[in-house]
Amino acid sequence: MTVLKQKKDQKADQQTIVKVENLKKYFPIKGGILKRTIGHVKAVDDVSFEIKKGETLGVVGESGSGKSTLGRMILRLLEPTEGKIVFEDQDITHLSNRKMRSLRKDMQIVFQDPFASLNSKMSIREIIEEPLLVQTSMSKKERQEKVVSLLEKVGLQPDDRVKYPHEFSGGQRQRISIARALAINPKFIIGDEPVSALDVSIQAQVLNLMKDLQDEFDLTYLFISHDLSVVRHISDRVAVMYLGRIVELASKKEIYENPLHPYTQALLSSIPTTDIDRKKEKITLSGDLPSPSNPPSGCAFRTRCPLVHERCAEERPEFNDMGEGHFVACHLFDKPSIRDEEVKQEKDMH
Amino acid sequence: MTNDTVLEVKNLKTYFFLDDNKVAKAVDGVDFSVRRGETVALVGESGSGKSITSLSIMQLINRPGRIVDGAVHFNGKNLLDMSDKQMASIRGNDIAMIFQEPMTALNPVFTIGNQIIEVLRKHKKMTKKQARKRAIELLKMVGFPRAEETVDEYPHQLSGGMRQRAMIAIAISCEPKLLIADEPTTALDVTIQSQILDLMMEMKEKFNMSLVLITHDLGVVAEYADRVMVMYGGQIVETSDKRTLFKHPKHPYTNGLLESLPSVDKEEERLGMIKGIVPPAHNFPKGCRFSSRCPKVMKKCFESNPELEEIEFEHSVRCYLYTDTDKEANHDSSQTKERSKS
């Protein structure tokens with residue numbers, strides 16, 4: 001057994017660092033002359049999961065699936081409408097801003113757009129130093145040393161600290177964002193599409209860097225992305241979101257080799273790959289993502305699902321564990337499942 | 001130029017003349033041709049010059065940019081010699097283009113119908129009534145179920161995928177011989193992406209068009225292109241048929257790109273990397289433009305830029321590893337140099 005394998009096994013026994021229960025975020029839609037609330041956009045609609053210490057949970061979904069809203073709620077950058085967020089056994093759902101601030105040194109976020117997330121009027125030293133000023137009581141000299149060591153960690157030069165963001169390329173800026181997130185030794189980092197704005201060669205550099213840092217500092221990641229290949233590369237477990245709900249959650253191996261939900265299957269089949277010999281059954285979904293302000297009744301995916309049946313319109317499918325932590329929300333896998341019944345019927349007929 | 005060739009670009013050079021006397025060589029000596037009914041992919045990272053190449057073909061380059069050299073033969077005529085008026089009768093008629101962002105490419109204050117009708121009336125001299133009828137037909141063809149209503153709707157009423165369908169309807173309205181699609185699905189989700197690309201291929205067959213597909217996504221290239229051109233630093237560094245390129249890539253940059261791509265089909269612990277960043281177009285290295293990032297760099301690479309040379313049938317590479325006879329000696333010397341450095 002390799003060292004790496006052992007490490008992964010250890011991860012499995014480790015404790016939960018983040019736990020989310022029945023989390024919801026409804027944004028009101030205001031309308032009419034009086035700007036009354038006339039409806040809600042159900043950006044995140046009843047989502048539950050756990051993240052274990054040291055693991056990477058990937059969240060994939062198309063635009064409008066609520067994956068970014070989910071990430072922001074966990075950091076309490078957005079207030080949840082309902083539900084519970086637990087960080088290291090502490091319920092943080094209703095913590096005051098002041099208490100939250102001291103907790104934020106344990107949880108950091110790296111955003112998608114490295115052009116918008118760095119203040120263009122601050123030097124790199126000031127950008128990376130700021131969290132140290134807010135969260136620690138380091139002396140000026142200590143802070144300087146920390147900035148230099150962080151820059152080296154993320155593969156930049158110590159001399160870069162006097163420069164400004166515009167002097168760097170997209171990939172380098174993302175390294176600066178990562179250095180800033182690492183400054184106060186967080187335990188948990190959310191990456192909200194951190195490599196989506198980068199070219200592939202640069203994307204690979206940043207992904208490798210994130211993996212190295214995870215090993216070195218024992219970090220836990222929530223990695224949000226629309227790119228299934230990137231998520232496969234970096235994650236231990238993967239959650240697939242559709243219209244504010246998690247439709248499938250399982251280990252990376254299960255999601256990519258044994259996807260159960262029709263949406264996951266369609267998503268995987270529609271990614272163009274560079275393996276030109278691969279013969280694959282392509283499932284092309286018809287239509288667009290429905291509006292989250294008016295989601296379909298029952299299963300949200302039923303309007304595009306190739307395997308839709310009557311029950312899908314009537315009831316929302318439960319999130320069932322199909323064994324070994326492979327969760328899926330689909331009526332095809334209800335207990336007792338329709339499949340079992342069909343098999344039973346077939347048996348009876350014979 | 002054979003009968004089969006629809007477009008032939010020769011030694012195209014488009015430079016941008018920046019302030020403080022810098023010259024950005026965005027496109028610097030690009031040669032390629034597109035045959036009838038063929039899909040040619042131009043692939044490269046941002047700043048590689050792929051979009052500027054397509055805009056140069058359409059002559060949509062604005063100051064401070066200028067096409068400084070080369071020829072673009074289309075239907076036996078050099079587009080670069082044409083007047084603005086002649087060019088206007090070709091754009092949208094014989095050569096059409098689809099852009100990445102349908103919201104900025106469509107005019108928000110006109111209905112979808114109006115934007116198709118405008119093209120038909122200008123190029124095909126149709127009456128209003130004929131054009132409207134044709135617009136509805138086209139919208140049906142690209143997959144609008146309620147085309148009679150959509151024709152009177154505005155771009156903001158459509159989703160991203162539907163807007164791109166509308167763009168395709170406009171592009172094919174005059175049955176062009178050549179369609180240039182510049183990152184047509186980059187702004188779209190994967191499930192929508194495959195719908196749009198399948199539609200483009202269907203339309204290509206139907207109207208016997210040639211397609212120039214500009215993309216950064218090697219997966220899209222592998223699935224939809226016939227031939228591929230890999231661009232780096234304003235030049236083509238490798239070109240061949242799709243199978244050869246993905247099975248036997250030669251140029252270190254092509255190799256690096258393929259290795260840095262995470263795969264959805266298999267597990268890899270670490271991605272391959274190309275070190276460093278793309279050099280800016282106003283400050284390319286003196287020799288090979290990839291020399292500063294190349295893992296197989298030799299002494300010679302810093303001295304002069306290699307030519308794009310055919311190494312086997314229809315497979316050309318711009319690299320001294322394959323085109324230089326005394327490469328062994330060179331390679332050895334560079335290795336010893338590296339060793340002495342470390």
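By convention here, each chain's residues receive numbers from 1 onward along its written sequence. For naming, the first written chain is A and the first written ligand is 1, with later ones following in the order written. Thresholds applied to this predicted model are a pLDDT of at least 70 for local features of residues and 80 or more for the giving and counting of side-chain atom pairs; totals over whole chains, interfaces and linings are not thresholded and use all residues. Excluded from the side-chain calculations are hydrogens and water; all other atoms, namely the structure's heavy atoms, are used.

## Thoughts on the overall build of chain A
Turning to step 1, where the next piece is worked out: The helix and strand tally for chain A stands at twelve helices and twelve strands.
Turning to step 2, where the next piece is worked out: The size measure is the radius of gyration over C-alpha atoms, and the globule rule it meets is 2.2 Å times the number of residues to the 0.38 power. For 350 residues, the compact-globule formula gives about 20 Å, and the C-alpha radius of gyration of chain A, at 22 Å, lands near that figure.
Turning to step 3, where the next piece is worked out: Considered along the principal axes of its C-alpha atoms, chain A spans approximately 80 × 60 × 40 Å.
Turning to step 4, where the next piece is worked out: Classification of the 350 residues of chain A by burial places 51% in the buried group.
Turning to step 5, where the next piece is worked out: Any two residues whose heavy atoms approach within 4.5 Å at even a single point are treated as in contact. Here the contacts in chain A between residues at least 6 apart in sequence split such that 63% fall between residues at least 24 apart.
Turning to step 6, where the next piece is worked out: For the area figures, the Shrake-Rupley method with a 1.4 Å probe applies, and any residue is considered shielded solely by the protein chains shown. Total accessible area on chain A stands at roughly 16,600 Å², and carbon and sulfur atoms take up 49% of it.
Turning to step 7, where the next piece is worked out: Charge counting follows a simple rule: Lys and Arg are positive, Asp and Glu are negative, and His as well as the terminal groups are ignored. Where a charge lies is defined by one atom per residue type: Lys uses NZ, Arg uses CZ, Asp uses CG and Glu uses CD. Between the centroid of the 53 positive side chains of chain A and the centroid of its 52 negative side chains there is a distance of 6 Å. Numbering of helices and strands runs from the N terminus, with a helix taken as a DSSP run of H or I at least four residues long and a strand as a DSSP run of E at least two residues long. Per-residue accessibility, obtained with a 1.4 Å probe over protein chains only, is compared with the maximum for each type, and a residue is labelled buried under 20%, exposed over 50%, and partly exposed between these values.

## A closer look at the sheet that holds strand β11 (residues 320–321) of chain A
Residues and elements named next belong to chain A.
Turning to step 1, where the next piece is worked out: Taken in spatial order, the eight strands of this open sheet run β6-β7-β8-β3-β9-β10-β12-β11, and their pairing is mixed. The sheet is open, and its two borders are formed by β6 (107–110) and β11, each paired with just one other strand.
Turning to step 2, where the next piece is worked out: Its contacts with the sheet put helix α2 (residues 67–74) on β3 (56–60), β6, β7 (188–192), β8 (220–225) and β9 (237–242), and the angle it makes with β8 is roughly 150 degrees.
Turning to step 3, where the next piece is worked out: Lying on the sheet, helix α6 (residues 170–182) is in contact with β6 and β7; it crosses β6 at an angle near 175 degrees. Strands pair, by our definition, only if DSSP identifies at least two bridges between them. The angle between two axes is taken between their N-to-C directions and runs from 0 to 180 degrees, where each axis is a line fitted to C-alpha atoms and a helix contributes only its stretch in contact.

## Here's the deal with the nonpolar core
Turning to step 1, where the next piece is worked out: Only buried residues count toward a nonpolar core, which is a set of Ala, Val, Leu, Ile, Met, Phe, Trp, Tyr and Cys residues joined through side-chain atoms within 4.5 Å. Core analysis: the largest hydrophobic core is formed by 60 residues, its most contacted members being A:I128 and A:I178.
Turning to step 2, where the next piece is worked out: Leave out the neighbours within four places in its chain, and A:I178 touches A:V110, A:V154, A:V206, A:L209, A:M210 and A:L213.
Turning to step 3, where the next piece is worked out: B:I98, B:A166, B:A169 and B:L197 belong to the second largest nonpolar core, which has 43 residues in total.

## Overview of the packing of helix α4 (residues 112–124) of chain B against helix α7 (residues 160–172) of chain B
Residue and element names in this part refer to chain B.
Turning to step 1, where the next piece is worked out: Close contact between α4 and α7 brings their axes to 9 Å; oriented N to C, the two are set at 15 degrees. One way to sum up the angle between α4 and α7 is to call them roughly parallel. Between α4 and α7 the crossing geometry is right-handed. For the pair α4 and α7, the contacting residues are I112, Q115, I116 and V119 in the first and A166, A169 and I170 in the second.
Turning to step 2, where the next piece is worked out: Throughout this entry, Asp, Glu, Lys and Arg are counted as charged residues, while Ala, Val, Leu, Ile, Met, Phe, Trp, Tyr, Cys and Pro are counted as nonpolar. The remaining residues, Gly among them, count as polar. Of the residues assigned to the contact of α4 with α7, the class counts are six nonpolar, one polar and no charged. Convention used here: angles under 35 degrees read as roughly parallel, angles over 145 as roughly antiparallel, angles from 65 to 115 as roughly perpendicular, and any remaining angle as oblique. Take the far helix as your reference; a near helix turned counterclockwise from it by less than a right angle gives a left-handed crossing, and one turned clockwise gives a right-handed crossing.

## Things to note about the interface of chain B and chain A
Turning to step 1, where the next piece is worked out: Counting residues at the interface gives 43 residues for chain B and 41 residues for chain A.
Turning to step 2, where the next piece is worked out: Buried area is calculated as the accessible area (1.4 Å probe) missing from two parts once they are joined, with the contributions of both summed. Both sides of the chain B and chain A interface together cover about 3,700 Å² of buried area, and 51% of this is carbon and sulfur.
Turning to step 3, where the next piece is worked out: Between Lys or Arg on one side and Asp or Glu on the other, a salt bridge is scored when a side-chain nitrogen of the former is within 4 Å of a carboxyl oxygen of the latter. Run the count over chain B and chain A and you get three salt bridges.
Turning to step 4, where the next piece is worked out: Taking the shortest distance from any N to any O, the salt bridge between A:D212 and B:R270 comes out at 2.8 Å.
Turning to step 5, where the next piece is worked out: Two N or O atoms form a polar contact when they lie within 3.5 Å of each other; inside protein one atom must be a possible hydrogen donor and the other a possible acceptor, and for residues adjacent in sequence the pair counts only when both atoms belong to side chains. Joining chain B to chain A, the criterion identifies 14 residue pairs in polar contact (both at pLDDT 80 or more).
Turning to step 6, where the next piece is worked out: Taken together, the elements giving at least two residues each to the side of chain B that touches chain A come down to α8 (190–207), α9 (218–224), α10 (242–247) and α11 (252–259) of chain B.

## Overview of the packing of aromatic side chains
Turning to step 1, where the next piece is worked out: Two aromatic rings from Phe, Tyr or Trp, using only the six-membered ring of Trp, form a pair when their centres are within 6.5 Å; if the ring planes differ by under 30 degrees the pair is stacked, by over 60 it is edge-to-face, and anything between is tilted. Considering all chains together, one arrives at eight aromatic pairs over all chains under this definition.
Turning to step 2, where the next piece is worked out: Site record: aromatic cluster; members linked through ring pairs are A:Y242, A:Y263 and A:F301.
Turning to step 3, where the next piece is worked out: Our definition puts a charge over a ring when NZ of Lys or CZ of Arg is within 6 Å of the ring centre and also within 35 degrees of the ring normal. Just above the ring of B:Y320 sits the side chain of B:K300; from NZ or CZ to the centre is 4.6 Å.

## Quick notes on the confidence of the model for chain B
All names here are of chain B.
Turning to step 1, where the next piece is worked out: Confidence of the predictor at the level of single residues is captured by pLDDT, which takes values from 0 to 100. Averaged over all residues, the pLDDT of chain B is 89; the fraction at 70 or higher stands at 94%.
Turning to step 2, where the next piece is worked out: Element-level mean pLDDT values for chain B span from 44 in helix α13 (residues 327–341) up to 96 in strand β10 (residues 235–241).
Turning to step 3, where the next piece is worked out: With pLDDT under 50 throughout, residues 327–342 is counted as low confidence; its partners more than four residues away or in other chains account for 14 contacts.

## As for the sheet that holds strand β2 (residues 23–35) of chain B
Residue and element names in this part refer to chain B.
Turning to step 1, where the next piece is worked out: Reading across from one edge, β2-β1-β4-β5 is the order of the four strands in this open sheet, with antiparallel pairing throughout. Edge positions in the open sheet fall to β2 and β5 (77–78), since each of these has one partner strand only.
Turning to step 2, where the next piece is worked out: Pairing of strand β4 (residues 65–74) with β5 involves two bridges; the strand directions are antiparallel. Residue pairing across strands places H73 opposite N78, the latter belonging to β5.
Turning to step 3, where the next piece is worked out: Where helix α1 (residues 50–57) meets the sheet, its contacts fall on β1 (5–17), β2 and β4, and the angle it forms with β1 comes to roughly 115 degrees.

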